[in-house]
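Here is how the chains run, residue by residue.
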Amino acid sequence: MITKMKRILGIFLMLSVFITVWCGPISAASGITYSDVPEGYWGYETIMAMTEAGIFKGTREPVNGVGEFSPEKKMTRAEFVTAAVRAMYPTQAKNIKNDTRTWWTGYYFFAMEKGILKYHELDSGKLDQTITREEMAMIMVRCVEKNGEKLTQRIKTTKIPDYAKIGDYYKSYVLDCFSYGLLCGVDELGTFLPSESLNRASAATVLCRLVDKDMRQKVDFSEETTGGNNNDSPSGSGNSGTTTPGWTPGNPNMGGSLFPTLPGQSGQGILPWEMWGAKQPWQYTWIEFLALSSAHKEAFIASFWSIEAFNNWMKNAQGGQNNNKLPWEVLGAKQPSQYTWAEFEALSGAHKEAFIASFGSTAAFNNWKEKAQEAENAKKLPWEIAGAKQPPQYTWTEFEALSAAHKEAFIATFGGGDAFNVWMKKAQEMQGNDKYPWEIEGAKKPSQYTWAEFEDLPESLREAFIAAFGSADAFNTWKTNAQGAQNNQYPWEIAGAKQPSQYTWAEYMALPGEHQMAFQNSFGSTEAFDAWMTKAQGGGNTGKLPWELPGAKQPSQYTYAEYMALPGEQQLAFQNSFGSTEEFNAWLYKVQGGENAGKLPWELPGAKQPAQYTYAEFLALPGEQQLAFQSSFGSVEAFDAWLQKAQNGGTDAGKLPWELPGAKQPAQYTYAEFNALTGEQQMAFQSSFGSPEAFDVWLQKAQSGGTTGGGYPWEAPGAKQPSQYTYAEFLALPGELQMAFQSSFGSVEAFDAWLQRVNP
């Protein structure tokens, strides 16, 4: 017995790389005995060998070297799948990362990628249930075949007395399991008990037979029906049960499935690769994939355990069959102009670049993009899909994950501001701890963190913190700035850091305003900085307007959105490029929608009228439209009557912010608080001072940060003067201060000279 145990131990010590990951160091198992596995127990030999190997350990911490093994404890589907993956792929298994859903998710997906499981097998929502013997047989056969073993003959079905009770899907696997000598039944007749499960003691037998052929049973391929010559327990006493790896992980019950319901899972037909004996997705050629219907293509992609796995398959399939052709270059393939936005988004980074280039110009790609995104946006809202979760059932996290447009539609479903506010309060109270610290409403964002605050984060949060920046470059830029701030150094003063002359223009523009000033000074002279800037901006194109660059889209080809995205000074140059106000207005009329251009929302044909608006819809209007909205009622009384109704008749309905009990009065407001008011509230705010002169006195004081002398920021004692401002600091000023800033130079020529210097 000792000799056999040493031989088995030798086999499993070869798996020591993954043993330490699975159950802890091997030495932890040495010298342990189990109170519930005495030396005479039928599974003693294999249990102890696997304990010595470190693959199993007890279910209770040992006291003075004596623990408990719980040999009759059942094994779940998740545990068996995990054991199979780790036994078959020890090196790769240690790199499998599980997400926050369950401890076994990564192994489950990995098993599907390797072909140990198929897409429709072992519902992911039920992996905490015990695995049946027929399910176990399926996985065992897949593992053996992955090792390159092939059957030359099968046993007869008459060798298994209860063969008819085996599910049709599993009959072939059970026959193969018997034929490989992995199983031989629970008694001398060869009875299989397909719906029963295995216990921990029987796990020793099944796993040993998987990795050690010498442990397998001798197979009788004759037509006699004498049954098995042994059974599936090590000592031949017969025992049904399941196999369980020796760990005791927490495996939370995850309701539902990780996958969407697809054809073939709810009586809608079987997917091509789910048919008995069919070619599996990773065996498809690229042409075979392209021949699938759209629905089948979606299911095909979903069958891979991750988008990276699908992309790897796609790369190999395209390279192997189509000589590295791009997807749309394959004979009969869909062309770029026919793609949906979702199909474009699913492309790899390199394919996206080639896709854009295929249009011949940025303008042509942008035209396609605009149409594709419009088509995408025309789809149903998330909660309009049959069977989808409705807005009142959403969590706060799910609401925040919606796009801006979807958020507006979401709020509108509640019919009024109060109903949404009631839901919002409840949802925020119930959100618990499912948010990262920077995701909580009002919390400091990652870009605002100090380096010390980042280092104080637990390791489990650092990866998510880095990911929040969207790219490694964005995080590294923040990191450099944060470390510099901590050491009272500029980024380029940190040991080993990139020097100013090595910066790109984008890296310079990403610096805070005060860093940009120091950056310029680091060159020693204006001439040296200008030389670097000319080089960084691209030489001969320095200072050119967007439409002046070679091959660029001309102003007449711009959309209204592209025009609005231009900085203020470029918008002025844009208008002037048309040669006359009439030509610019003709373009503006065209891009804003022709005869409906400039109309208010309720003036459009068939539109909802102001009296039908909800309070939330009113608040969503821009300030100038809110004023026009009020005027449309004909009188203040009529508007107030609507407002009372829309606000559900609250006692404070219609009151201005400073009219509420105990509220801050206008004279105490900061300039930022004034700017945050709606248009009509700003009008009422000004009127509350009694005269324009009194309001102007407050405005001067508020704009200068509360100093009693009033004045503009550059008029405060010791303040930076306009000529010392950076362009970024100028743009950060409110609109009315930008006007005063320009006037402070005394002439248009002096201001233009400063502008040329800071923004060539």
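Computed from a predicted model, the values in this text were never measured in an experiment.

Q: Explain the overall build of the protein chain here, please?
A: A tally of helices and strands in the protein chain yields 36 helices and 3 strands. Considering only contacts within the protein chain whose residues lie at least 6 apart along the sequence, 60% involve residues at least 24 apart. When the accessible surface of the protein chain is split by element, carbon and sulfur atoms take 53% of a total near 40400 Å².

Q: So what exactly am I meant to see when it comes to the environment of A468 here?
A: Mapped onto the elements of the fold, A468 is located in the loop between α20 (459-467) and α21 (472-486). Residue A468 is classed as partly exposed on the basis of its relative accessible area, which comes to 44%. C-alpha separation for the pair A468 and E439, spaced 29 residues apart in sequence, amounts to 10.0 Å. The contact partners of A468, leaving out residues within four places of it in the chain, are W438 and P446.

Q: How should I be thinking about the state of the cysteines in this particular structure?
A: What we call a disulfide is simply a covalent bond connecting the sulfur atoms of a pair of cysteines. Applying the stated criterion across every chain yields a total of 0 disulfides. Not part of a disulfide, C143 finds its nearest cysteine sulfur in C177, a span of 9.8 Å. Of the residues examined, C143 reaches a relative accessible area of 1% and is grouped as buried. Taking relative accessible area as the criterion, C177 reaches 0% and is therefore assigned buried.

Q: For this particular structure, what's the right way to read helix α36 (residues 748-758)?
A: Since the α-helix advances by 3.6 residues per turn, residues separated by three or four positions end up pointing in the same direction. Taken together, the buried positions of α36 are occupied by F751, W754, L755 and V758. An end-on view of α36 places all buried positions within 100 degrees of arc, on one side of the element. Opposite its buried face, α36 presents the exposed residues E749 and Q756, each directed more than 90 degrees away.

Q: Just to check I follow, could you spell out the pairing of strand β2 (residues 60-63) for this structure?
A: Residues in a regular strand point their side chains to alternate faces of the sheet. Here β2 pairs with strand β3 (residues 66-68) via 2 bridges, running antiparallel. In the strand pairing of β3, V63 is matched with V66. Hairpin connection of β2 to β3: 2 residues between the antiparallel strands, including N64 at a positive phi of 55 degrees.

Q: Can you walk me through the pattern of salt bridges in this structure?
A: Working definition: two side chains of opposite charge can pair if their charged atoms are close together. Counted according to the given criterion, the structure contains 11 salt bridges. Between D220 and K159 there is a salt bridge, and its shortest N-O distance comes to 3.1 Å. Of this pair, D220 sits in the loop between α9 (200-211) and α10 (286-290) while K159 is found in the loop between α7 (133-146) and α8 (171-180), placing the two residues 61 residues apart along the sequence. A salt bridge links E343 to K334; the shortest N-O distance between them is 2.9 Å. Under the relative-accessibility criterion, K334 is labelled partly exposed at 32%.

Q: What exactly am I supposed to notice about the packing of helix α4 (residues 77-88) against α7 here?
A: The N-to-C vectors of α4 and α7 enclose an angle of 10 degrees; their axes lie 11 Å apart at closest approach. Here α4 lies roughly parallel to α7, going by the angle between them. Residues R77, F80, V81, A84 and M88 of α4 lie in contact with α7, whose contacting residues are E135, M136, I139, M140, C143 and K146. Counted by class, the contact of α4 with α7 contains 8 nonpolar, no polar and 3 charged residues.

Q: So what exactly am I meant to see when it comes to the packing of aromatic side chains here?
A: Ring pairs (aromatic) are described by centroid distance and by the angle formed between their planes. On inspection of all chains with the given rule, the structure shows 90 aromatic pairs. A centroid spacing of 6.0 Å and a plane angle of 50 degrees characterise the contact between Y108 and F109, whose relative ring orientation is tilted. Comparing Y108 with F109 shows no difference in burial state: the two are buried. An aromatic cluster of three or more residues is present, and its members are W273, Y284, W286, F289, F300, F304, F310 and W313. The ring centre of F69 lies 4.2 Å from the NZ or CZ of R200, which sits over that ring. A cation sits over an aromatic face here: K297 above F289, 5.8 Å from the ring centre.

Q: Is there a simple way to think about unusual backbone geometry in this case?
A: In most cases, non-glycine residues show a negative phi, while peptide bonds are predominantly trans. Phi is positive for S70, close to 55 degrees, though the residue is something other than glycine. Classification of S70 by relative accessible area gives partly exposed; the value is 21%. With phi around 55 degrees, L193 is a residue other than glycine that occupies positive phi space. Mapped onto the fold, L193 is located in the loop between α8 and α9. With relative accessibility at 29%, the residue L193 sits in the partly exposed group.

Q: Any chance you could explain the nonpolar core here in plain terms?
A: Counting residues in hydrophobic clusters, the biggest one holds 50 residues, and the most contacted among them are L117, M136, I139, M140, I160, L183 and F192. Those elements that provide at least two residues to this core are α4, α6 (105-114), α7, α8 and α9. Residues within four places of F192 in sequence aside, it is in contact with R133, E134, A137, I160, D162, I166, V174, F178, L183 and V186. Among the nonpolar cores identified, the runner-up in size contains 17 residues, and I32, Y44, F56 and M215 belong to it.

Q: Help me understand the side chain of R133, please; the structure alone is not making it clear to me.
A: Residue position: R133 is located in helix α7. A distance of 2.5 Å separates the side chain of R133 from the backbone oxygen of F192, its partner in a polar contact. Engagement of the side chain of R133 in a polar contact is seen with the backbone oxygen of L193, the distance being 3.5 Å.

Q: Looking at this structure, how should I read α7?
A: Over its 14 residues, α7 extends 20 Å from the first C-alpha to the last, a length consistent with the 20 Å expected when each residue adds 1.5 Å. Every buried residue of α7 is listed here: R133, E134, E135, M136, A137, M138, I139, M140, V141, R142, C143 and V144. Contact partners of the buried residues in α7: α4, α8 and α9. Following α7 by one or two positions, G148 has its phi on the positive side, about 90 degrees.

Q: Looking at this model, I keep getting lost on the packing of α4 against α6. Mind explaining?
A: Between two packed helices, the angle of one axis relative to the other and the distance separating the axes together describe the packing. Where α4 meets α6, the closest approach of the two axes is 9 Å, and the angle between their N-to-C directions is 60 degrees. Here α6 runs oblique to α4, going by the angle between their axes. Crossing of α4 over α6 shows left-handed handedness. Contacts between α4 and α6 pair V81, T82, V85 and R86 from the former with Y107, Y108, F110 and A111 from the latter.

Q: Mind showing me how you'd approach the sheet that holds β2 here?
A: Ordered in space as β1-β3-β2, the 3 strands form an open sheet in which the pairing is mixed. Only two strands of the sheet have a single partner each, and these edge strands are β1 (33-34) and β2.

Q: What's the story with the confidence of the model for the protein chain in this structure? I'm lost.
A: The share of residues in the protein chain with pLDDT of 70 or more is 77%, and the mean pLDDT across the chain is 76. Residue range residues 13-29 is modelled with pLDDT below 50. Its contacts to residues more than four positions away, or to other chains, number 29 contacts. This stretch, residues 234-268, has a pLDDT under 50; its non-local contacts, to residues over four places away or in other chains, come to 115 contacts.

Q: Would you explain the environment of A346 in this entry?
A: Checked against the element boundaries, A346 lands in the loop between α13 (341-345) and α14 (349-357). As for A346 and N311, which are separated by 35 residues in sequence, their C-alpha atoms are 9.1 Å apart.

Calculation criteria
- Residues numbered from 1 in each chain as written.
- Predicted model: local features only at pLDDT ≥ 70, side-chain atom pairs only at ≥ 80, totals over all residues.
- Heavy atoms only, no water.
- Helix = DSSP H or I, 4+ residues; strand = E, 2+ residues; numbered from the N terminus.
- Contact = heavy atoms within 4.5 Å.
- Areas by Shrake-Rupley, 256 points an atom, 1.4 Å probe, with all protein chains shown as cover.
- Buried < 20%, exposed > 50% of the residue type's maximum accessible area, 1.4 Å probe, protein only.
- Disulfide = S-S within 2.5 Å.
- Arc of directions from axis to C-beta.
- Pairing = 2+ DSSP bridges.
- Salt bridge = Lys/Arg side-chain N within 4 Å of Asp/Glu carboxyl O.
- Axes fitted to C-alpha atoms, helices over the stretch in contact; angles between N-to-C directions.
- Parallel < 35°, antiparallel > 145°, perpendicular 65-115°, else oblique.
- Nonpolar A, V, L, I, M, F, W, Y, C, P; charged D, E, K, R; others polar.
- Phe/Tyr/Trp six-rings, centres within 6.5 Å; stacked < 30°, edge-to-face > 60°.
- Lys NZ or Arg CZ within 6 Å of the ring centre and 35° of its normal.
- Core = buried A, V, L, I, M, F, W, Y, C linked by side-chain atoms within 4.5 Å.
- Polar contact = N/O pair within 3.5 Å; in protein donor to acceptor, adjacent residues only side chain to side chain.
- Expected span 1.5 Å × (residues − 1).
- Left-handed = near helix turned anticlockwise from the far one by under 90°.
- pLDDT = per-residue confidence, 0-100.

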